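Listed here are the chains, written in short residue letters.
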Amino acid sequence: MECRYNEVTTTHAQPPAVFSPDTLTSNAAKYLTSKKLDNSSNALSKIDGAFVGTSPRPSKTALMVTPGRFSPASSLFICGMEESKKQTHCLVCPITGSRLPEIRLQDIIFTKVDTRAEEYKCLGTGVTSAVFEGQVVINNCGLKSVAVKLFKQPFDNLEGISAEAGLLKMLEQTGITPKLFGILQRTSEGNQPGIVQELIQSSITLHQLIVGTPFITKQKWYNIAYQLAFGLKSINEQGVLINDLKSDNILVNISTDDCRLTFIDMGHASYMHGKRFPMTTEQASICRHLAPEIANGEETSESSEVFALGVIFKDIPLEELSFISHKCLSKIPLLRPSVYDILNFVEEIM
Ligand SMILES: Nc1ncnc2c1ncn2[C@@H]1O[C@H](COP(=O)(O)OP(=O)(O)OP(=O)(O)O)[C@@H](O)[C@H]1O
């Protein structure tokens, strides 16, 4: 089970308390019936039923776009041009201050599930979004394969989206997060806001790998454990706390020998400070990746990240990890190891 908690530092409206586990991609694609996702005419009018799954995740939630609804805060614009020009606005990340390229809807070719049917390939869905596969033309570099994360209400505020995109851009240097291509440009018709990022090919979530098939060798699990510790270290060293580290938010490329990992979803991340996530006791009991002190209203920290890593390590089928995972899961933050200790430990058992 997964729960949604309210962030103090964002403007998200009260979300439903409890959601189902990850929706299967095939399900999502099946339910996705786009009435009009016309790349050539620059009009994304409606995507129906992208958010599906087992109860109680809302099924068949419509992603309706009302013209003019998507009005970003003016402070986010650092340059404004006429709507009709190629690039209408540049955005700046409210956290990092970096410029975020805007990508025009008509420059994206969404992958169809079937050449005849108007169904588009959904890579996965989360509480806040549905992620679609596509290709985009980038500055005369030809076509790049992308994953387009389209946000649903009430998570479609541009400030939060720009923050997530800015952090992804900053984390590019770690090589462990998807490359950011840009933010989906607002059109005068209004369209679903989104983040255009690198497509992680041949991937499944770490959660899917842990609970199901395919079988992978022990050596590959060691590689995964190492990359988890190394990835968390690299991200934290950039001053970023993920604040939502869990196996659903890690993609594994199972076609590579080392089972290459990618940390996705920086939607709850913070930069140079922790965050508080007020929640009810019931919500806290469902969010097993959240350290007890966070459930008690304290700010996230590197130590709460270590707790989350400990939860993943506990689920990985390697007995050798139980010692370190037990330490990571200490109720007292000061008793948890640092991410450096964890990395050393994993290196030793490999
Ligand atoms: N870059 C990517 N390449 C391939 N697939 C992706 C990519 N990003 C996301 N996905 C797929 O889309 C799913 C949902 O993405 P993501 O976790 O970012 O959404 P979310 O709405 O923020 O989720 P939640 O808030 O529930 O954690 C992922 O589990 C994954 O299957």
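Residues numbered from 1 in each chain as written. Predicted model: local features only at pLDDT ≥ 70, side-chain atom pairs only at ≥ 80, totals over all residues. Heavy atoms only, no water.

- By the naming in an unreviewed UniProt entry, the protein is Protein kinase domain-containing protein, taken from Mytilus coruscus.

### Some thoughts on helix α7 (residues 302-315)
Part 1: Under the 1.5 Å per step criterion, the end-to-end length of α7 is 20 Å for 14 residues, consistent within 8% with the ideal 20 Å.
Part 2: With eleven of 14 residues buried, α7 is to be regarded as a mostly interior element.
Part 3: Among all positions in α7, only Ser303, Ser304, Glu305, Val306, Phe307, Ala308, Leu309, Gly310, Val311, Ile312 and Phe313 are buried.
Part 4: Buried positions along α7 lie against α3 (206-211), α4 (218-237), β17 (240-241), α6 (292-295), α8 (322-328) and α9 (339-349). (Helix = DSSP H or I, 4+ residues; strand = E, 2+ residues; numbered from the N terminus. Expected span 1.5 Å × (residues − 1). Buried < 20%, exposed > 50% of the residue type's maximum accessible area, 1.4 Å probe, protein only. Contact = heavy atoms within 4.5 Å.)

### Thoughts on the packing of α4 against α9
Part 1: Between α4 and α9, the least distance of the axes is 9 Å, while the angle of their chain directions is 160 degrees. The orientation of α4 with respect to α9, classified from their angle, is roughly antiparallel. The crossing of α4 and α9 is left-handed. Taking contact as the criterion, the partners of Tyr222, Ala225, Tyr226, Ala229, Phe230, Leu232, Lys233 and Glu237 in α4 are, on α9, Val339, Tyr340, Ile342, Leu343, Val346, Glu347 and Ile349.
Part 2: Looking at the contact of α4 with α9, its residues break down into twelve nonpolar, no polar and three charged. (Axes fitted to C-alpha atoms, helices over the stretch in contact; angles between N-to-C directions. Parallel < 35°, antiparallel > 145°, perpendicular 65-115°, else oblique. Left-handed = near helix turned anticlockwise from the far one by under 90°. Nonpolar A, V, L, I, M, F, W, Y, C, P; charged D, E, K, R; others polar.)

### Some remarks on α4
Part 1: With 20 residues, α4 should cover 28 Å at 1.5 Å per step; its first-to-last C-alpha distance of 29 Å lies within 8% of that length.
Part 2: The element α4 is largely enclosed, with a buried count of 14 among its 20 residues.
Part 3: Trailing α4 by a residue or two, Gly239 shows a phi angle of about 90 degrees, which is positive.

### Re the nonpolar core
Across soluble globular proteins, you tend to see nonpolar side chains buried next to one another.
Part 1: Of all hydrophobic cores here, the largest spans 54 residues; its most connected members are Ile224, Leu228 and Phe313.
Part 2: For this core, the element with the highest residue contribution is α4, accounting for eight residues.
Part 3: Looking at which domains feed residues into this core, each of domain 1 (12-198) and domain 2 (203-349) supplies at least three.
Part 4: In this structure, Leu228 is in contact with Leu206, Ile250, Leu261, Phe263, Leu309, Ile312, Phe313 and Ile316, ignoring residues within four places of it in sequence.
Part 5: Leu105, Ile138, Leu150 and Val196 belong to the second largest nonpolar core, which has 16 residues in total. (Core = buried A, V, L, I, M, F, W, Y, C linked by side-chain atoms within 4.5 Å. Domains from an automatic or database assignment.)

### Let's talk about the packing of aromatic side chains
Two aromatic rings, taken as a pair, are described by how far apart their centres are and by the angle between their planes.
Part 1: Throughout the structure, instances matching the rule amount to four aromatic pairs.
Part 2: Plain terms: the ring middles of Phe110 and Tyr120 are 6.3 Å apart, the flat faces sit at 80 degrees to each other, and that makes the pair edge-to-face. Of this pair, Phe110 sits in strand β10 (residues 108-110) while Tyr120 sits in the loop between β10 and β11 (122-125), placing them ten residues apart in sequence. Comparing Phe110 with Tyr120, the two get one shared label, buried.
Part 3: Ring centres of Phe110 and Phe132 lie 6.5 Å apart, and the angle between their planes is 85 degrees; on these two criteria the pair is classed as edge-to-face. With a gap of 22 residues between them, Phe110 in strand β10 and Phe132 in strand β12 (residues 129-137) connect regions that are remote in the sequence. Neither Phe110 nor Phe132 differs from the other in exposure class; each is buried. (Phe/Tyr/Trp six-rings, centres within 6.5 Å; stacked < 30°, edge-to-face > 60°.)

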